[in-house]
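The primary structure of each chain is shown beneath.
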Amino acid sequence: NQLGFDDLQTLLATGLEGGELARRIARRLPVILVDEFQDTDSTQYDILTRLFAHENSLLFMIGDPKQAIYSFRGADVFSYLRARDHAQIRYTLTRNWRATPGLIQAVNTIFANHTRPFGFETIGYERAVAARSEAQDDGAAMHLWYLAPTEEPVVSKPIPQKDAIQKIVDAVAEEIVVLLNDGESRYAPEDIAVLTRT
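None of these values were measured; they are calculated from a predicted model.

Rules used in this analysis
Residues numbered from 1 in each chain as written. Predicted model: local features only at pLDDT ≥ 70, side-chain atom pairs only at ≥ 80, totals over all residues. Heavy atoms only, no water. Helix = DSSP H or I, 4+ residues; strand = E, 2+ residues; numbered from the N terminus. Buried < 20%, exposed > 50% of the residue type's maximum accessible area, 1.4 Å probe, protein only. Lys, Arg positive; Asp, Glu negative; His and termini not counted. Salt bridge = Lys/Arg side-chain N within 4 Å of Asp/Glu carboxyl O. Polar contact = N/O pair within 3.5 Å; in protein donor to acceptor, adjacent residues only side chain to side chain. Contact = heavy atoms within 4.5 Å. Core = buried A, V, L, I, M, F, W, Y, C linked by side-chain atoms within 4.5 Å. Phe/Tyr/Trp six-rings, centres within 6.5 Å; stacked < 30°, edge-to-face > 60°. Axes fitted to C-alpha atoms, helices over the stretch in contact; angles between N-to-C directions. Left-handed = near helix turned anticlockwise from the far one by under 90°. Nonpolar A, V, L, I, M, F, W, Y, C, P; charged D, E, K, R; others polar. Pairing = 2+ DSSP bridges. Right-handed = clockwise from strand over helix to strand, strands pointing away.

**Q** Just to check I follow, could you spell out the side chain of Asp 41 for this structure?
**A** Of note, Asp 41 is situated in the loop between β1 (31–34) and α3 (42–52). Among buried charged residues, Asp 41 stands out as having no salt bridge; its nearest opposite-charge side chain is Arg 82, 8.0 Å away. Engagement of the side chain of Asp 41 in a polar contact is seen with the side chain of Gln 9, the distance being 3.4 Å. One polar contact links the side chain of Asp 41 to the main-chain amide nitrogen of Gln 44, over a distance of 2.8 Å. Asp 41 has contacts with Gln 9, Arg 73, Gly 74, Ala 75, Asp 76 and Ser 79, leaving out every residue within four places of it along the chain.

Take a look at the structure:
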């Protein structure tokens, strides 16, 4: 007698087929805002459209298709793209309040000149605009590191994954030590975050 996340979706989708439950929910909730819409799957999108995609309701969906690659709880980018194509009005937020102007410029430089930067022709890259104009740090806003299998100029075969992981871990740890122990360092341990898959 336990219901999981998928069970709740399936039961609701089935319950909406008669029409009465859908009418009751739509009457109680005339305006719906779904944040993080990129984490939606096809069942969830079908539920939302059955309930709220009609003239007596307003359905707002806020999401970023580039984040759909993480497939949170089975979400898929195709549900997002289908929803985007059916939307009557679309807005794109390009003003970035989180990153420095230098970092925004670096990211724009990397992604804006590719026709398919995210693998899908329908997911383009919108250039971001810095909301703030503070001066950039002395250092570069972004550093790209390349991992070579050997020190030799001619690479004969790719580096094994376990060796690559260890080299990356060592390089990141060494860089953190350098940043924290520099005589003029502006960084403390709490200023550093390391993002990993697990």
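Still more ground to cover, so stick around.
**Q** Looking at this structure, I do not really get the nonpolar core. What am I missing?
**A** Here is a general trend for soluble globular proteins: nonpolar side chains tend to be buried in one another's company. Judged by nonpolar contacts, the single largest core of 17 residues is most densely connected at Phe 37 and Leu 51. Secondary-structure elements contributing two or more residues to this core are β1, α3 and α4 (77–86). Broken down by element, the residue count for this core peaks at five residues, all from α3.

**Q** What am I meant to see in the packing of aromatic side chains here?
**A** How two aromatic rings sit relative to each other is given by the distance of their centres and the angle of their planes. Counted according to the given criterion, the structure contains six aromatic pairs. Seen in terms of ring centroids, Phe 37 and Tyr 80 are 6.2 Å apart; in terms of plane orientation they differ by 50°. Their pairing is tilted. Of this pair, Phe 37 sits in the loop between β1 and α3 while Tyr 80 sits in helix α4, and the two are 43 residues apart along the sequence. Ring-pair connections join several aromatic residues into one group, and the members of that group are Phe 37, Tyr 45 and Tyr 80.

**Q** I keep staring at the packing of helix α1 (residues 5–15) against α3 and nothing clicks. Help me out?
**A** At a minimum axis separation of 10 Å, α1 and α3 run at an interaxial angle of 35°. Regarding α1 and α3, the two cross each other, and that crossing is left-handed. Facing α1, whose interface residues are Phe 5, Gln 9, Leu 12 and Ala 13, α3 presents Thr 43, Gln 44, Ile 47 and Arg 50. Residue composition of the contact of α1 with α3, by class: four nonpolar, three polar and one charged.

**Q** What is the right way to look at the pairing of strand β2 (residues 58–61) in this model?
**A** Within a regular strand, the side chains alternate between the two sheet faces. Across four bridges, β1 lies against β2 in parallel orientation. Across the sheet, the residue bridging to Val 31 is Leu 58, located in β2. Handedness of the β-α-β unit built from β1, α3 and β2 comes out right-handed.

**Q** Would you explain the environment of Gly 119 in this entry?
**A** On the secondary structure map, Gly 119 appears in the loop between α5 (101–111) and β4 (129–130). Judged by its relative accessible area of 40%, Gly 119 falls in the partly exposed class. Sequence spacing of Gly 119 and Lys 66 is 53 residues, and the spatial spacing of their C-alpha atoms is 10.0 Å.

**Q** Hey, could you run me through unusual backbone geometry in this one?
**A** Keep in mind that most residues, glycine aside, have a negative phi and that most peptide bonds are trans. With a phi close to 55°, Glu 36 is a non-glycine residue in the positive phi region. Mapping Glu 36 onto the fold places it in the loop between β1 and α3. Assessed through its relative accessible area of 40%, Glu 36 is described here as partly exposed.

So far we have only geometry, and geometry alone does not tell us how the molecule works.
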